[in-house]
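Given next are the chains, with one letter for each unit.
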Amino acid sequence: LREAGARQQAAALLRRDPVAHVPLDNPYAVCLLLDRLREAGAEQQAAALLRRDPAAHVSLDDPGNVGLLLDRLREAGAEQQVTALADRAAAHVPLDDPGNVARLLDRLREAGAEQQAAALADRAAAHVPLDDPYGVGLLLNRLREAGAEQQAAALLRRDPAAHVPLDSPGGVARLLDSLREAGAE
């Protein structure tokens, strides 16, 4: 493949300055591009991508992918973007996937965004749908592990055991474990 010019093709692609042209709406795609630029030794292009401020432009539709981007921004030392994305996510990320909300809570705490994590925990405990027993169990665990006892209690007051669907044996098992660990037998 070397003879076929794969290395030259990669260099030619980078010379076209893809960083200036790619959309910044998909947080997972931004993560991939940042990773690949670094692997290719294209640090200047990675820095240029960060200067375009992906934290202000990515969609918040997938809390799990927002959490991945928080990690990449933190690894890149883009602390202002970490804070900006954490602020946006805490206030506006959709709560329709409790498992991914739980994962985002972890990423916020790992990034040192304690206030944003607390704000998201408040929103999640009060408004996350109770239609995914696995995700609700995961969220309950993450709240407890983070010391967010008030939010865990608020989630329990919504009576997830009475509302989750019973169509997922693994999900029901996860929720049952989480409830027992929380002392809510």
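The structure this text deals with has already been given above.
These figures come from a predicted structure and were not determined experimentally.

What counts, and where the lines are drawn
Residues numbered from 1 in each chain as written. Predicted model: local features only at pLDDT ≥ 70, side-chain atom pairs only at ≥ 80, totals over all residues. Heavy atoms only, no water. Helix = DSSP H or I, 4+ residues; strand = E, 2+ residues; numbered from the N terminus. Buried < 20%, exposed > 50% of the residue type's maximum accessible area, 1.4 Å probe, protein only. Areas by Shrake-Rupley, 256 points an atom, 1.4 Å probe, with all protein chains shown as cover. Lys, Arg positive; Asp, Glu negative; His and termini not counted. Charge placed at Lys NZ, Arg CZ, Asp CG, Glu CD. Axes fitted to C-alpha atoms, helices over the stretch in contact; angles between N-to-C directions. Parallel < 35°, antiparallel > 145°, perpendicular 65-115°, else oblique. Left-handed = near helix turned anticlockwise from the far one by under 90°. Contact = heavy atoms within 4.5 Å. Nonpolar A, V, L, I, M, F, W, Y, C, P; charged D, E, K, R; others polar. Phe/Tyr/Trp six-rings, centres within 6.5 Å; stacked < 30°, edge-to-face > 60°. Lys NZ or Arg CZ within 6 Å of the ring centre and 35° of its normal. Arc of directions from axis to C-beta. Expected span 1.5 Å × (residues − 1). Polar contact = N/O pair within 3.5 Å; in protein donor to acceptor, adjacent residues only side chain to side chain. Salt bridge = Lys/Arg side-chain N within 4 Å of Asp/Glu carboxyl O.

Visitor: Is there a simple way to explain the overall build of the protein chain in this structure?
Guide: Secondary structure summary: the protein chain contains 12 helices and 0 strands in total. Counting from the amino terminus, the protein chain carries its helices and strands in the arrangement α-α-α-α-α-α-α-α-α-α-α-α. Viewed in the frame of its principal axes, the protein chain has a C-alpha envelope of about 65 × 35 × 20 Å. By residue count, 41% of the 185 residues in the protein chain fall in the buried class. With the model as given, the accessible surface of the protein chain reaches about 9900 Å², and the carbon-plus-sulfur share is 48%. Side chains of the protein chain carry 21 positive and 28 negative charges; the gap between the two charge centres is 6 Å.

Visitor: What's the story with unusual backbone geometry in this structure? I'm lost.
Guide: With the exception of glycine, most residues fall at negative phi, and the peptide bonds are largely trans. Located in the positive-phi region is D53, a residue other than glycine, with phi close to 60 degrees. By the secondary structure assignment, D53 is in the loop between α3 (43-51) and α4 (54-57). A positive phi angle, near 60 degrees, is found at D159, a position not held by glycine. Examined against the element boundaries, D159 turns out to sit in the loop between α10 (149-157) and α11 (160-163). Residue D159 is classed as partly exposed on the basis of its relative accessible area, which comes to 37%.

Visitor: It is not clear to me how the packing of helix α6 (residues 79-92) against helix α8 (residues 114-127) should be interpreted in this structure. Could you clarify?
Guide: Relative orientation and spacing of two packed helices are given, respectively, by the angle between their axes and the distance between those axes. Contact geometry for α6 and α8: axes closest at 8 Å, N-to-C directions at 15 degrees. If you check the angle between α6 and α8, you find them roughly parallel. Viewed along their axes, α6 and α8 form a crossing whose handedness is left-handed. On α8, the residues touching T83, A86, D87, A89, A90, A91 and H92 of α6 are Q116, A119, L120 and R123. Taken together, the residues of the contact of α6 with α8 sort by class into 6 nonpolar, 3 polar and 2 charged.

Visitor: When you look at the packing of aromatic side chains in this model, what are you seeing that I'm missing?
Guide: One pass over the structure, following the stated rule, counts 0 aromatic pairs. The residue whose ring lies beneath R174 is Y134, and the NZ or CZ to ring-centre distance is 5.4 Å.

Visitor: So what exactly am I meant to see when it comes to the packing of helix α7 (residues 98-110) against α8 here?
Guide: Relative to each other, α7 and α8 sit at 160 degrees, their axes nearing to 8 Å. When the axis of α7 is compared with that of α8, the two are roughly antiparallel. With respect to the hand of their crossing, α7 and α8 are arranged in left-handed fashion. Facing V101, L104, L105, L108 and R109 of α7, the residues of α8 in contact are E114, Q116, A117, L120, A121 and A124. Among the residues making up the contact of α7 with α8, the classes are represented as 8 nonpolar, 1 polar and 2 charged.

Visitor: Just to check I follow, could you spell out α10 for this structure?
Guide: Each α-helix winds once per 3.6 residues, and so residues spaced three or four apart point in a common direction. Taken residue by residue, α10 has Q151, A152 and L155 as its buried positions. Along the long axis of α10, the arc covered by the buried residues comes to 100 degrees, so they all point the same way. Those residues of α10 that are exposed and aimed more than 90 degrees away from the buried face are Q150 and R157.

Visitor: Got a minute to help me understand helix α5 (residues 63-75) in this structure?
Guide: The end-to-end C-alpha separation of α5 is 19 Å, in line with the 18 Å expected for 13 residues at 1.5 Å each. The backbone nitrogen of G64 has a side-chain oxygen 2.9 Å away, supplied by the residue at the start of α5, namely D62. Positive backbone phi, approximately 80 degrees, marks G77, located one or two places after α5.

Visitor: Please clarify how the pattern of salt bridges should be interpreted in this entry.
Guide: Applying the stated criterion across every chain yields a total of 6 salt bridges. A salt bridge links E39 to R36; the nearest nitrogen and oxygen atoms lie 3.8 Å apart. A residue pair is termed a helical-turn pair when its members lie 3 or 4 positions apart in one helix, as E39 and R36 do in helix α2 (residues 27-39) at 3 residues. Here E39 falls in the exposed class, since its relative accessible area comes to 62%. R36 gets classed as partly exposed once you look at its relative accessible area, which sits at 44%. For D71, the salt bridge identified is with R107, shortest N-O distance 2.6 Å. One end of the pair, D71, is in helix α5; the other, R107, is in helix α7, with 36 residues separating them in the sequence. For D71, a relative accessible area of 9% corresponds to the buried category. Overlapping salt bridges bring together D71, R74 and R107 as one network.

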